[in-house]
Amino acid sequence: MRPDRVREGRRWLDQAIRDLDDARFCIGGQRFSLGCFVAQQAAEKALKAFLYVASPEDPWGHSVDEERYLVLGMSDRRRLVVAAFAERPPRTRLISARPATRVEQRTYEEEPGKTAE
């Protein structure tokens, strides 16, 4: 049974508003990184709320059945990075890239060819 689209959109918007309030609380406590993350989550939920009402298709985001891979590599500036990606032939979808953690750096240095965990 499909949910009522307006009601479901309102549910997502209410959660986005609560998340934005939580983000403000974090920023007020000088927890800036967490505040930014929670604010970004609020924005995604608000967008999902809009899509529930405005689009005939369900606005699903992260694919749970999609195989994702991590790879360690050196950037052109000699920085070790971790990239997450998925294969969607004929394309490769880059999901994220970030600096490697210390544990990942050790793995890269001690076990060449091993993938990130």
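What you see is a predicted model, and the numbers here were worked out from it, not measured in a lab.

### Here's the deal with unusual backbone geometry
Thought 1: Between Pro89 and Pro90 the backbone carries a cis peptide bond, its omega angle lying at 10°.
Thought 2: Within the fold, Pro90 resides in the loop between strand S2 (80-88) and strand S3 (91-99).
Thought 3: In this model, Arg78 sits at a positive phi of 65°, which is unusual for a non-glycine residue.
Thought 4: Along the polypeptide, Arg78 turns up in the loop between strand S1 (69-74) and S2.
Thought 5: The class of Arg78 is exposed, set by a relative accessible area of 65%.

### Quick notes on the sheet that holds S1
Thought 1: Here we have 3 strands laid out as an open sheet, ordered S1-S2-S3, and antiparallel in their pairing. Either end of the sheet is taken by a strand with one partner, and the two such strands are S1 and S3. If you compare each strand with its neighbour and ignore which way they point, the axes differ by 30° on average.
Thought 2: By the bridge criterion, 8 bridges tie S2 to S3 in an arrangement that is antiparallel. Bridge pairing in S3 links Ala83 to Ala97.

### Some points on the pairing of S1
Thought 1: Bridge count between S1 and S2: 6 bridges; the pairing is antiparallel. Looking at the pairing, Tyr69 lines up with Phe85 of S2.
Thought 2: Here S1 hands over to S2 after 5 residues, with Arg78 in that stretch at a positive phi of 65°.

### Some points on the packing of helix H1 (residues 5-28) against helix H2 (residues 32-54)
Thought 1: Relative orientation of the contacting elements H1 and H2 amounts to 165°, with a least axis distance of 8 Å. Judged on the interaxial angle alone, H2 and H1 are roughly antiparallel. Crossing of H1 over H2 shows left-handed handedness.
Thought 2: Residues belonging to the contact of H1 with H2 are distributed by class as follows: 19 nonpolar, 4 polar and 6 charged.

### Here we look at the pattern of salt bridges
Thought 1: Overall, the coordinates contain 4 salt bridges when judged by the stated rule.
Thought 2: Residue Glu8 is joined to Arg11 by a salt bridge in which the shortest nitrogen-to-oxygen separation is 2.6 Å. With Glu8 and Arg11 both in helix H1 and 3 residues apart, the pair spans about one turn of that helix.
Thought 3: Looking at Glu8, the relative accessible area reads 13%, which means it is buried.
Thought 4: Since its relative accessible area comes to 48%, Arg11 is described here as partly exposed.

What counts as what
Residues numbered from 1 in each chain as written. Predicted model: local features only at pLDDT ≥ 70, side-chain atom pairs only at ≥ 80, totals over all residues. Heavy atoms only, no water. Helix = DSSP H or I, 4+ residues; strand = E, 2+ residues; numbered from the N terminus. Buried < 20%, exposed > 50% of the residue type's maximum accessible area, 1.4 Å probe, protein only. Pairing = 2+ DSSP bridges. Axes fitted to C-alpha atoms, helices over the stretch in contact; angles between N-to-C directions. Parallel < 35°, antiparallel > 145°, perpendicular 65-115°, else oblique. Left-handed = near helix turned anticlockwise from the far one by under 90°. Nonpolar A, V, L, I, M, F, W, Y, C, P; charged D, E, K, R; others polar. Salt bridge = Lys/Arg side-chain N within 4 Å of Asp/Glu carboxyl O.

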